[in-house]
Amino acid sequence: MSILSVPVYMDYSATTPCDERVVDAMLPYFTRFFGNTASRIHSYGWQAEAAVELAREQVAQIIHAQPKEIVFTSGATEACNLALRGVVELYAVKGNHIITTKTEHKAVLDTCKALEKKGAIITYLDVDANGLIDLTALEQSITPSTILVSIMLANNETGVVQNVAEIGKICKQHKVLFFCDATQAVGKIPIDVLASEIDLLAFSSHKIYGPKGVGALYIRSRNPRVKIAPQITGGGHENNLRSGTLNVTGIVGFGKACSICMEELSTEQERLTRLRDRLKDGLLQIPNTTLNGHPSQRLPNVLNISFPPLNSGLLLSALNKSIALSSGSACTSGSLDPSYVLSAMGIDDTHARAALRFSIGRFTTEEEIDFAIREVNEKVTQLRNEGMFIG
Ligand SMILES: Cc1ncc(COP(=O)(O)O)c(C=O)c1O
Ligand code: FES
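Worth saying up front: this structure is predicted, and the values here are computed from it rather than measured. Note that residues are indexed from 1 along each chain, following the sequence as it is written. Chains and ligands are labelled by the order in which they are written, letters from A for the one and numbers from 1 for the other. Owing to the predicted nature of the model, reporting of local features is limited to residues with pLDDT of at least 70; listing and counting of side-chain atom pairs is limited to 80 or more, with chain, interface and lining totals taken over all residues.

1. Description of the overall build of the protein
Then, number 1: Helix and strand definitions follow DSSP, with helices as H or I runs of at least four residues and strands as E runs of at least two, each counted in order from the N terminus. Scanning the protein for helices and strands turns up 12 helices and 12 strands.
Then, number 2: The principal-axis extent of the C-alpha atoms belonging to the protein is close to 70 × 55 × 35 Å.
Then, number 3: Looking at the protein as a whole, 48% of its 391 residues qualify as buried.
Then, number 4: Two residues qualify as a contact pair if the distance between their C-beta atoms, derived from the backbone, is within 7 Å. Sequence-distant contacts in the protein: of pairs separated by 6 or more residues, those separated by 24 or more amount to 75%. Three exposure classes are used, all based on how many other C-beta atoms lie within 10 Å of a residue's own C-beta (placed from the backbone): buried at 20 or more, exposed at 12 or fewer, and partly exposed between those limits.

2. Observations concerning the sheet that holds strand E8 (residues 215-219)
Then, number 1: When DSSP locates at least two bridges between a pair of strands, those strands are taken to pair. Pairing in this open sheet of seven strands is mixed, and the strands run E2-E8-E7-E6-E5-E3-E4 from one edge to the other. Edge positions in the sheet fall to strand E2 (70-73) and strand E4 (121-125), since each of these pairs with one other strand and no more. Pairs of neighbouring strands in the sheet enclose a mean axial angle of 20 degrees, with direction left out of account.
Then, number 2: Of the pairings in the sheet, the one linking E2 to E8 comprises four bridges and is antiparallel in character. Residue Thr73 lies in a different strand from E8, and its bridge partner there is Gly215.
Then, number 3: Helix H4 (residues 106-117) rests against strand E3 (97-101), E4, strand E5 (146-150) and strand E6 (177-181) of the sheet, and its axis sits at about 150 degrees to E3. Axis angles are defined between N-to-C directions and span 0 to 180 degrees, where every axis is a line fitted to C-alpha atoms and, for a helix, only to the segment in contact.

3. Description of the domain arrangement of the protein
Then, number 1: Note that domain bounds follow an automatic or database assignment of domains. Domain assignment breaks the protein into domain 1 (8-16 + 265-385) and domain 2 (20-259).
Then, number 2: Taken over C-alpha atoms, the centre of domain 1 sits 28 Å from the centre of domain 2.
Then, number 3: Facing 25 residues of domain 1, the contacting portion of domain 2 comprises 28 residues.
Then, number 4: Among the secondary structure elements, those contributing two or more residues to the side of domain 1 that touches domain 2 are helix H8 (248-284), strand E10 (302-306) and helix H10 (340-344).
Then, number 5: Classification convention: Asp, Glu, Lys, Arg as charged; Ala, Val, Leu, Ile, Met, Phe, Trp, Tyr, Cys, Pro as nonpolar; all other residues, Gly among them, as polar. Classifying every residue of the side of domain 1 that touches domain 2 gives eight nonpolar, 14 polar and three charged.

4. Quick word on the pairing of E5
Then, number 1: With five of its five residues buried, E5 lies for the most part within the structure.
Then, number 2: For E3 and E5, the ladder comprises four bridges, and the chain directions are parallel. In the strand pairing of E5, Ile99 is matched with Val149.
Then, number 3: Pairing of E5 with E6, which is carried by three bridges, proceeds in the parallel orientation. Bridge pairing links Ser150 to Phe179 in E6.
Then, number 4: By convention, orient the strands away from the viewer: a clockwise path from the first strand over the helix to the second makes the crossover right-handed. Tracing the backbone out of E5, into helix H6 (residues 164-173) and back to the parallel element E6 gives a crossover that is right-handed.

5. Some details on the packing of helix H9 (residues 312-319) against helix H12 (residues 366-385)
Then, number 1: Running from N to C, H9 and H12 point in directions that differ by 125 degrees, and their axes come no closer than 10 Å. With respect to each other, H9 and H12 are oriented oblique. In terms of crossing hand, the pair formed by H9 and H12 is right-handed. In contact with Leu314, Leu315, Ala318 and Leu319 of H9, H12 contributes Glu375, Val376, Lys379, Val380 and Leu383.
Then, number 2: Class assignment for the residues of the contact of H9 with H12 results in seven nonpolar, no polar and two charged. Orientation labels follow simple angle bins: below 35 degrees gives roughly parallel, above 145 gives roughly antiparallel, 65 to 115 gives roughly perpendicular, and whatever is left gives oblique. Handedness of a crossing is defined here by the sense of rotation of the near helix relative to the far one, left-handed for an anticlockwise turn of less than a right angle and right-handed for a clockwise turn.

6. With respect to the site of ligand 1
Then, number 1: We call a residue near a molecule or strand when its C-beta atom, built from the backbone, sits within 6 Å of it. Among the 13 residues in the neighbourhood of ligand 1, the closest are listed as Gly75, Ala76, Thr77, Asn156 and Ser204.
Then, number 2: Its residues assigned to classes, the shell around ligand 1 shows three nonpolar, nine polar and one charged.

7. Some words on the pairing of E3
The side chains of a regular strand alternate between the sheet's two faces.
Then, number 1: Buried residues dominate E3, accounting for five of its five residues.
Then, number 2: Here E3 shows two buried faces, one formed by His97, Ile99 and Thr101 and the other by Ile98 and Thr100.
Then, number 3: This β-α-β element, E3 to H4 to E4, shows right-handed connectivity.

This is the structure:
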């Protein structure tokens, strides 16, 4: 029997380890091929550029885009900022209304708040008990001044997957741009930006076994061609849309991470679904536990489960020597407030405060799943028996 290395990592939605194949692909670009892609007059520059262009193809392929539709950024947060701010700036003559949802990641919500202060009008759509938006409500909120719909593909706390193809159809009919934050979905489920009528899409390398600090924004170039205003200006890199010397090593790693994910997607989707369901069935056998989010329209690797009346902070502290988990997104993991995502789904405070997010990934084993079920069962039972209800 293999020896488990603890704490067992079940926080793959927060970030993933770099795959060793990705590290191997990156290494030569730190030392031997260290050129600046903007150096057009010698081979160091050409080699770096060739590597970036190969990565651009690999990154484009994972979402069925064309390489020229990819703009490299420092991550999904920057890509979300570029999409939202870039559209608002360029489409000001058409209107200033954006439609989004209450359950978006802070990269979108806080950017919308900042744009509101500058005069944009934002509609925050509700979600139902399963975490899904109402497509009729979306259509009814579109006005002549609507310029953009910003809806995520998969939620980072619950793993719930929105009906993006339907959303894309509605946006197209009403000639409104559709931006999709697909950070949690890329590499986990198939994505086709053309079939789903997506105009702009953000994603990140560190969620798919690539390095941190690199991501991309897809900007549609095929009927219609989408234009946005740059938010970082300077040397005119990335087609004048994102200036700054390219992070060649990071981009090479991101490209390799995408190509591995594409090769392994279907087998990995099946394997993770099986492991996730094993974890779900085991955890839901603990009395008085509830699954948060749509039971089936979800990512293959995320579960969000409440263990009332325990407080998630307390439960996480009791578990953190054996399992590395979180209550929701990493950015809000220090907060004691109930998750705004779960609250928007109508989940009461007691259940929202008692939620844990289990996110598994490429290196998760069946043995780890069974260990996690035993550990959680033991700690939940113990804390409940001790009457430890407040964290
Ligand atoms: C849905 C979603 N959007 C955006 C981000 C931000 O990504 P990055 O860390 O690359 O800035 C994350 C990461 O937590 C996310 O889960
Ligand atoms: S950026 Fe999303 S959890 Fe931190």
